[in-house]
Amino acid sequence: MRDINKIFWLLFIFAFFSCKKGGDDNKGDSEIRDRYFNLEKIGWKSRQYIQKVDDIGFIATEVPIQYYLLKDKGNENLLLVDSLYEENKKERVIEFTFQQDEEKDLLAKDFTGMDYTSAVKYMSFGLDKDFYVVTSKKDTISCSGVTFERSYKIAPYQKVLLFFSGIDPNDRIQLVYNDYLFRKGTLKFKFKDTYTKIAL
């Protein structure tokens, strides 16, 4: 009889701690869901920062990496998404759009001074040298990569995604663009919000 009581108490203690641990996981999952809900509610992106030079608009928008993680992994396992975010939280992604007032193709020779194929190559492989970020701590971070979203002359704009690494998630940033493609000079875009503040 004593052996049965011991087994019963061991099972009871094991069940008690298992339930308690599960409750903590649910609390953490709920906090993660709230955080991602808040990001979704604001539209996932920072405010657009627009500068216009002559007839070309330059638009910079920061997109939190959680957006791309959820797009890739789905929202079934938010703990996985959140752990991937923790591993990559020093990364920044900026969506940068070029748009001409009359919706003409900006990669034409009239705008770039080069043939169309060379302009596409520059957007794909040379544009990363034209961008860098200055953090609120006055660190200068070079662009680590660019993805050119080809529109094949369907959309009335050209868009690239810019990638930066090693930036504290609480730092405010200023994007600097030295425009060698359209020869419009140096443009600066100061981002005033950070996603850690929005998510809390």
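Here is what the cut-offs are and how they apply
Residues numbered from 1 in each chain as written. Predicted model: local features only at pLDDT ≥ 70, side-chain atom pairs only at ≥ 80, totals over all residues. Heavy atoms only, no water. Pairing = 2+ DSSP bridges. Helix = DSSP H or I, 4+ residues; strand = E, 2+ residues; numbered from the N terminus. Buried < 20%, exposed > 50% of the residue type's maximum accessible area, 1.4 Å probe, protein only. Axes fitted to C-alpha atoms, helices over the stretch in contact; angles between N-to-C directions. Contact = heavy atoms within 4.5 Å. Phe/Tyr/Trp six-rings, centres within 6.5 Å; stacked < 30°, edge-to-face > 60°.

Colleague: Looking at this structure, I do not really get the pairing of strand β9 (residues 185–190). What am I missing?
Modeller: Regular strands place their side chains on alternate faces of the sheet. Bridging between strand β8 (residues 173–179) and β9 involves six bridges; their strand directions are antiparallel. Bridge assignment links Gln174 to a residue of β9, and that residue is Lys190. As consecutive antiparallel partners, β8 and β9 are separated by five residues, and within that stretch Arg183 has a phi angle of approximately 60°, a positive value.

Colleague: Hey, could you run me through the pairing of strand β2 (residues 56–63) in this one?
Modeller: With eight of its eight residues buried, β2 lies for the most part within the structure. Residues of β2 alternate between two faces, with Ile56, Phe58, Ala60 and Glu62 on one and Gly57, Ile59, Thr61 and Val63 on the opposite face, all of them buried. Two strands pair when backbone bridges link them, and strand β1 (residues 49–53) and β2 are joined in this way by five bridges, in the antiparallel orientation. Its bridge partner being in β2, Val53 is matched across the sheet by Ile56. Between β1 and the antiparallel strand that follows it, β2, lie two residues; Asp54 among them carries a positive phi value of about 55°. Taken together, the eight bridges between β2 and strand β3 (residues 92–100) define a ladder with antiparallel strand orientation. In the strand pairing of β3, Gly57 is matched with Gln99.

Colleague: Would you explain the sheet that holds strand β6 (residues 145–149) in this entry?
Modeller: In a beta sheet, neighbouring strands are held together by backbone hydrogen bonds and run either parallel or antiparallel to one another. Pairing in this open sheet of five strands is antiparallel, and the strands run β1-β2-β3-β7-β6 from one edge to the other. The sheet is open, and its two borders are formed by β1 and β6, each paired with just one other strand. Pairwise comparison of adjacent strand axes, ignoring direction, gives a mean angle of 20° for this sheet. Bridge count between β3 and strand β7 (residues 158–164): seven bridges; the pairing is antiparallel. Paired with Ile94 across the bridge in β7 is Leu162. Strands in contact with helix α2 (residues 65–73) are β2, β3 and β7; relative to β2, the strand with the most contacts, it is inclined by about 75°. Helix α5 (residues 116–126) contacts β3, β6 and β7 of the sheet and is inclined by roughly 140° relative to β6.

Colleague: When you look at the packing of aromatic side chains in this model, what are you seeing that I'm missing?
Modeller: Each aromatic ring pair is summarised here by two numbers: the centre-to-centre distance and the angle between the ring planes. Taken as a whole, this structure holds 13 aromatic pairs when the rule is applied. Where Phe58 meets Phe98, the ring centres are 5.8 Å apart and the plane angle is 80°; that geometry is what we call edge-to-face. Placement of the pair is Phe58 in strand β2 and Phe98 in strand β3, with a sequence separation of 40 residues. Accessibility classification places Phe58 together with Phe98 in one group, the buried group. The structure contains a cluster of three or more aromatic residues connected by ring pairs, namely Phe58, Phe96, Phe98, Phe131, Tyr177, Phe182 and Phe189.

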